[in-house]
Amino acid sequence: MSPLAVLRWGEVRRQAADPGLALTFLGAAGVLVLFVLYPAFRVLLYPSLHDYLAIPQSLRWMQAAHNSLVMMVISTLSATFVGLLFAFATTRPDIPGRRFFRNIAMLPLFAPPFMVAFAYILMFGRLGLITHTLLGMTANIFGWHGLWMVQTVAFFPLAMLIITGVLEAANPSLEHAARNLGADEWSVLRTITLALARPGIAGAMLVVAISVLADFGNAVVIAGGFPLLATEAWFRMEGMGDLKGAALVVAMLLVPTVALFLLERYWVSRRAYTTITGRGSRIERPPTPPLLKGLVVALCALVSVLILLVYFGVVAGAFTAVWGRDWSLTLSHWRLAQDRIWTLWTSVKIGVIAGVMTGVVGVVVAFLTSRSLPLRNCLDFLAVLPGALPGVFVGVGFVLAFNATPLGGTLWILATALAFWHLPMGYQAAAARLKQIERSIEEAAVNLGASGLRVLWDVYVPLLFRALVEAFAVSFIRAVTNVSIVIFLISPGQVVATFVILNMIQNNIWGAAGALTTMLLLLTFASIGLTWLLVGRVVRTTAVAG
Amino acid sequence: MMRRMWIGWLVVALLVGVVPPATAQQQKIVVYSALPDLETSLIHREFTRRTGIPVEALSVAAAGTLQARIRAEKDRPRADIFVGGSRDFHIPLAREGLLVKYRSPVAAEAKISPAYLDPDGYWHGWYLGALSIIINTERWDRELAPRGVRKPATWDDLTRAEFKGHFVMPSPVTTGGGYIFVAVQIFRLGEDRAWAYLKALNANASQYTPTAPGTITLLERGEAIVAMMWAHEAIGARILRAAPLEVTVPPDTGFEIGAVSIIKGGPNPEGARAYVDFLMTRTPQDINARYGFRYPVRADVGVPTGATPFGQLKFVKYDLEWAIQNQARIRERWTREIGR
């Protein structure tokens, strides 16, 4: 054994021997196993082997699986392409309006998961403002093509964020070098810029693909008679009360999402060949070819209009008497929405509980995985695993695992499901903060005789306050806008706003749906503002949508 | 130090703030309602005003979901009442022993026809509905009328080639209305001819909506021209939202008896009985007729606006027992042979 290994082993023994730390570790591991692993196993083991083998005989399920895969491919390609476009535009200093594009592109991240689909029905549906009233055409937005457009707009921001990160890290001197060697602009773009962005593009595609597969909110609103796995699980429950069928369908959905997730985590993210010299390159980026510049700006402007229409449509819907027929302004929808405003309060309560849980568990687990403890990789895996699980899977899992316990029927079951589904965001935010903390501060505390837990409380907790607030905010915002888990765990007395809105959309009560969604948006943006005041950073709700 | 304490207290305050304080109100009842939110909340507001019993309701316009919930919760029932949805959804629960018998004195007092009440007392019918053919007149006048197409008046008319891609109905797999429609075809034609009919109809169908209101939504927006759906939903959309819809109840149609039942082991059985009694009175049936356009079972409540009196409709001979016994098999066959 080398001296270094002895030293490390010593540290492991020292930390493992700290009883407080060991107990915390056991506690955290227990909580993760209970709320992440156990529901997942309940789903997978609920149908029998015979049920699994019978899947290929169900015409409808095979159709749904086929459709889900087709949507995954086309929406991922289009969303990644648009994301690449925006990433390119925002990393080039000579593209006009790049800040504007970047801010606009963030907007879909904060929209409730059904909002893009809802707004596009208002804009481009049979009674759509643009298609029907302005252009006088008969358009049918329901089906795969409508869903394709909606998912592209809803998920390209994820691709943009990931690809931007890679493009920003790319060293402009490589582009200069290529140009000096005589390459023309297009070759530079192809062989340098895009080549360097390739791992980012691959990573973006995988993340977007998981989101598309898991997308429930948009699909349930706009897919029409087009069966998809994410919605099929709900229809099984909703119409037939077929829990076994629902479990089978979400299990089918799990296979590709976990595969994509593992691919992203253990393959793509490890071969990011960002420039060797690292960050801090001060060389100016070379000018963008004018033709390309024009093209990029035009396309980004078009997509920006599509995004603004999402917000415009919903707000306009809330003030229009009868959409498509009577365009006079009215406040009557707000009266109906006000009648349901208590559902928003329920959403807030659940969001607060979920936010606190995500924050606390995320910070504790991040602290534990930063220690040289045995099995810390397992803990890390459990904390990021929910990122691979579609919302409908978590929903069915919690129904199977906890509905029959005292947790069932209370708001705690919903809050717990949401908290642990969003755990990867809280955990990763905390882990990133921990990496920034100078190790010597901790060593100083230890030398002064502090125990492991004392170190956590006195050194890390104050420093992790920002991580905690961020994790809370992300989890809160996503909890109050969630539908995919909510629809499985809703119960009387815990009716939340998104559930009511979804029902209103489906029952053609568009005005009140628009009004309630507007209130939900105000809540979301208020919490973003508050978080910004507290930690001085804008929250990114980047993660698997659904 | 101060900051840390502040955070700690903040967390505690938030957690305490979300736990509701125990209140000394009259004990609430929990209701699973398969009726839309609007009618449900109006009826419940009235119920609470009369009895002082607060209601916590979950409205899901799909009786199958609620039926499934009640099954799933049979070891720890959370709701007291299952209201709405055809008796077809209540009877299986009664047979599985998940409902409680009750005979409302109000029903006897009001002389409600025994046809609408379970002879065993597990469910009380309190509204009626009939299946119908609905067209979107706006699109009809623009697209089909100029071609001289005749309006559909019978179930058989729906299979005419002019309606290809223009027809919608609720899914027989996930909704009660869709299932009753399929059963009606079987009672009308016999099983073999019924499947041939359904396949011909399938050639015209643009989609089968997973929830019943979904069909009316599509038709109202003009996403389809012809639909099969409960007449009252269309009449409601026409009157409340000025939707351009026209309703025809064809001969040999099917109907639902909208029921209410008490869930066995629910938290508030006394409140549940008061609820059933209340639904047998005039007020809720009147609200349901006014806002839901469903036929009341009480003779002293008026027929909903725009509806043909129930007695004048021509119904197929509906074998309820057969329809319940064969429910799983028919849905299975639909999934296998129609596949959507």
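All figures in this text were calculated on a predicted structure; none of them were measured in a lab.

Caption draft 1: Spotlight on helix 7 (residues 176-189) of chain B. Residue and element names in this part refer to chain B. Compared with an ideal rise of 1.5 Å per residue, which puts 14 residues at 20 Å, helix 7 spans 20 Å between its outermost C-alpha atoms and is within 8% of the ideal. Among the residues of helix 7, the N-terminal cap falls to Thr-175, whose side-chain oxygen and the backbone nitrogen of Gly-178 are separated by 3.1 Å. Two residues or fewer after helix 7 comes Gly-190, characterised by a positive phi angle close to 85°.

Caption draft 2: A look at the packing of aromatic side chains. Within this structure, the stated rule accounts for 28 aromatic pairs over all chains. Taking 5.9 Å as the distance between ring centres and 55° as the angle between the ring planes, the aromatic pair formed by Phe-100 of chain A and Phe-101 of chain A counts as tilted. Residue Phe-100 of chain A is classed as partly exposed on the basis of its relative accessible area, which comes to 44%. The rings of Phe-35, Tyr-38, Phe-398, Phe-402 and Phe-420 of chain A are connected pair by pair, giving a single aromatic cluster. The ring of Tyr-197 of chain B has Arg-188 of chain B sitting right over it, with the charged end atom 5.2 Å from the ring centre. Over the ring of Tyr-127 of chain B we find Arg-294 of chain B, and its NZ or CZ is 5.6 Å from the ring centre.

Caption draft 3: Here's a closer look at the pairing of strand 1 (residues 29-33) of chain B. All names here are of chain B. A large share of strand 1 lies buried, amounting to five of its five residues. Every second residue of strand 1 is oriented toward a common face, with Ile-29, Val-31 and Ser-33 on one face and Val-30 and Tyr-32 on the other, all of them buried. Relative to strand 2 (residues 55-59), strand 1 runs parallel, the two being bridged by five bridges. The residue bridging Ser-33 from the neighbouring strand is Ser-59, located in strand 2.

Caption draft 4: Inspection of the nonpolar core at higher detail. Ranked by size, the top nonpolar core spans 298 residues in total, and within it Leu-32 and Tyr-120 of chain A together with Phe-181 of chain B carry the most contacts. The greatest single-element share of this core, amounting to 14 residues, is contributed by helix 16 (residues 341-370) of chain A. Contacts of Tyr-120 of chain A, omitting those with residues within four sequence positions, involve Gly-125, Ile-141, Met-149, Val-150, Val-153, Leu-306, Ile-307 and Val-310 of chain A. Membership of the second largest hydrophobic core comes to five residues, among which are Ala-170, Ala-178, Ile-192 and Leu-196 of chain A.

Caption draft 5: Quick peek at a nonpolar patch on the surface. Residue and element names in this part refer to chain A. A cluster of nonpolar side chains, contributed by Phe-81, Leu-295, Leu-299 and Leu-302, occupies part of the molecular surface with about 380 Å² of accessible area. With respect to the secondary-structure elements, Leu-302 resides in helix 14 (residues 290-319). A relative accessible area of 52% places Leu-302 in the exposed class.

The rules we used
Residue numbers here run from 1 along each chain, matching the order of that chain's written sequence. Chains carry letters from A onward and ligands carry numbers from 1 onward, assigned in written order. Residue-level local features of this predicted model are given only where pLDDT is at least 70; pairs of side-chain atoms are given and counted only at 80 or more, and the full residue set underlies all totals for whole chains, interfaces and linings. Excluding hydrogens and water, the side-chain values take into account all heavy atoms of the structure. Numbering of helices and strands runs from the N terminus, with a helix taken as a DSSP run of H or I at least four residues long and a strand as a DSSP run of E at least two residues long. A helix is expected to reach a length of 1.5 Å times the quantity of its residues less one. Throughout this description, a polar contact denotes any pair of N or O atoms lying within 3.5 Å of each other; where both atoms belong to protein, one of them has to be capable of donating a hydrogen while the other can accept it, and for residues adjacent in sequence the pair is counted only when both atoms sit in side chains. A pair of Phe, Tyr and Trp rings is counted when the ring centres sit within 6.5 Å of each other, with Trp represented by its six-membered ring. The angle between the planes then sorts it: under 30 degrees is stacked, over 60 is edge-to-face, the rest tilted. Partly exposed describes any residue whose relative accessible area lies between the buried limit of under 20% and the exposed limit of over 50%, with all areas from a 1.4 Å probe on protein chains only and scaled to the type maximum. Remark: a charge is flagged as sitting over a ring if the NZ atom of Lys or the CZ atom of Arg is within 6 Å of the ring centre and within 35 degrees of the ring normal. Strands are treated as partners if at least two bridges between them are detected by DSSP. In this text, buried Ala, Val, Leu, Ile, Met, Phe, Trp, Tyr and Cys residues form a nonpolar core when linked through side-chain atoms within 4.5 Å. Contacts are assigned to residue pairs with any non-hydrogen atoms lying within 4.5 Å of each other. Residues forming no salt bridge and having over 30% relative accessible area are the ones grouped into patches, like charges within 9 Å of each other and nonpolar side chains (Val, Leu, Ile, Met, Phe, Trp, Tyr) within 5 Å. Computed with the Shrake-Rupley method and a 1.4 Å probe, the accessible areas treat only the protein chains shown as cover for residues. By salt bridge we mean one thing: a side-chain nitrogen of Lys or Arg within 4 Å of a carboxyl oxygen of Asp or Glu.

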